[in-house]
Amino acid sequence: MYTIISLILVFLLVIFSILLYFNSKKSRQADLDNGICPQCGATAKEFRDENTGVVFKVDSIKSRLLKSHGCSGIDEIEYRCNNCHLKEVHSTVGQGCRI
């Protein structure tokens with residue numbers, strides 16, 4: 001009886017930990033898509049030229065397409081932070097053929 005209860009508790013613990021892992025991975029990818037580094041919290045910096053009034057924007061996150069798996073496949077994107085040199089690769093659903 002105790003064995004069955006302990007196995008059920010371990011099973012539930014494993015399921016919840018897997019869900020927590022995927023949730024944190026998804027939130028990190030959302031932060032990177034928005035231009036916020038999840039490790040150091042760096043955001044895009046904006047500078048304004050006082051003479052002309054032009055606003056310059058310097059992104060802290062650089063994204064690069066590593067591999068595209070066709071029109072209906074996934075895209076593998078590499079994100080790099082310029083401040084803390086964080087490097088992460090995430091997969092996203094493809095945006096179609098871009099034709």
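Scroll up to find the structure this text is about.
Residues numbered from 1 in each chain as written. Predicted model: local features only at pLDDT ≥ 70, side-chain atom pairs only at ≥ 80, totals over all residues. Heavy atoms only, no water.

### Details of helix 1 (residues 2–33)
Between its first and last C-alpha, helix 1 extends 47 Å over 32 residues, near the 46 Å set by a 1.5 Å rise per residue. Looking one or two residues past helix 1, Gly 35 carries a phi angle of roughly 90°, positive in sign. (Helix = DSSP H or I, 4+ residues; strand = E, 2+ residues; numbered from the N terminus. Expected span 1.5 Å × (residues − 1).)

### A look at a nonpolar patch on the surface
Nonpolar side chains collect at one region of the surface, where Ile 4, Ile 8, Phe 11, Leu 12, Ile 15, Phe 16 and Leu 19 lie side by side and expose about 700 Å² of accessible area between them. Mapped onto the elements, Ile 8 comes out in helix 1. (Patch = residues over 30% accessible without salt bridge, like charges linked within 9 Å, V, L, I, M, F, W, Y side chains within 5 Å. Areas by Shrake-Rupley, 256 points an atom, 1.4 Å probe, with all protein chains shown as cover. Salt bridge = Lys/Arg side-chain N within 4 Å of Asp/Glu carboxyl O.)

### Considerations on the nonpolar core
Among the nonpolar cores identified, the biggest contains eight residues, and these are Leu 32, Cys 37, Ala 42, Ile 61, Ile 77, Tyr 79, Cys 81 and Leu 86. Residue contributions to this core peak at three residues, all from strand 4 (residues 74–81). Leave out the neighbours within four places in its chain, and Ile 77 touches Ser 63, Arg 64, Leu 65, Leu 66, Glu 88, Val 89, His 90 and Thr 92. (Core = buried A, V, L, I, M, F, W, Y, C linked by side-chain atoms within 4.5 Å. Buried < 20%, exposed > 50% of the residue type's maximum accessible area, 1.4 Å probe, protein only. Contact = heavy atoms within 4.5 Å.)

### Considerations on the sheet that holds strand 5 (residues 87–93)
Across the sheet, which stays open at both edges, the three strands sit in the order 3-4-5 with antiparallel pairing between neighbours. Each having just a single partner strand, strand 3 (61–68) and strand 5 make up the two edges of the open sheet. Strand-to-strand twist in this sheet, taken as the mean axis angle between neighbours without regard to direction, amounts to 25°. Relative to strand 5, strand 4 is paired through seven bridges, and the arrangement is antiparallel. The residue bridging Arg 80 from the neighbouring strand is Lys 87, located in strand 5. Set on the sheet, helix 1 makes contact with strand 3, strand 4 and strand 5; between it and strand 5 the angle comes to about 95°. (Pairing = 2+ DSSP bridges. Axes fitted to C-alpha atoms, helices over the stretch in contact; angles between N-to-C directions.)

### Things to note about the pairing of strand 1 (residues 45–48)
As paired strands, strand 1 and strand 2 (residues 55–58) are joined by four bridges and run antiparallel to one another. Note that in strand 2 the partner of Lys 45 across the bridge is Val 58. If you look at the hairpin formed by strand 1 and strand 2, you'll find six residues sitting between the two strands, and Gly 53 has a positive phi there, around 80°.

### Observations concerning the environment of His 85
Residue position: His 85 is located in the loop between strand 4 and strand 5. Between the alpha carbons of His 85 and Cys 40 there is a distance of 9.7 Å; along the sequence they are 45 residues apart.

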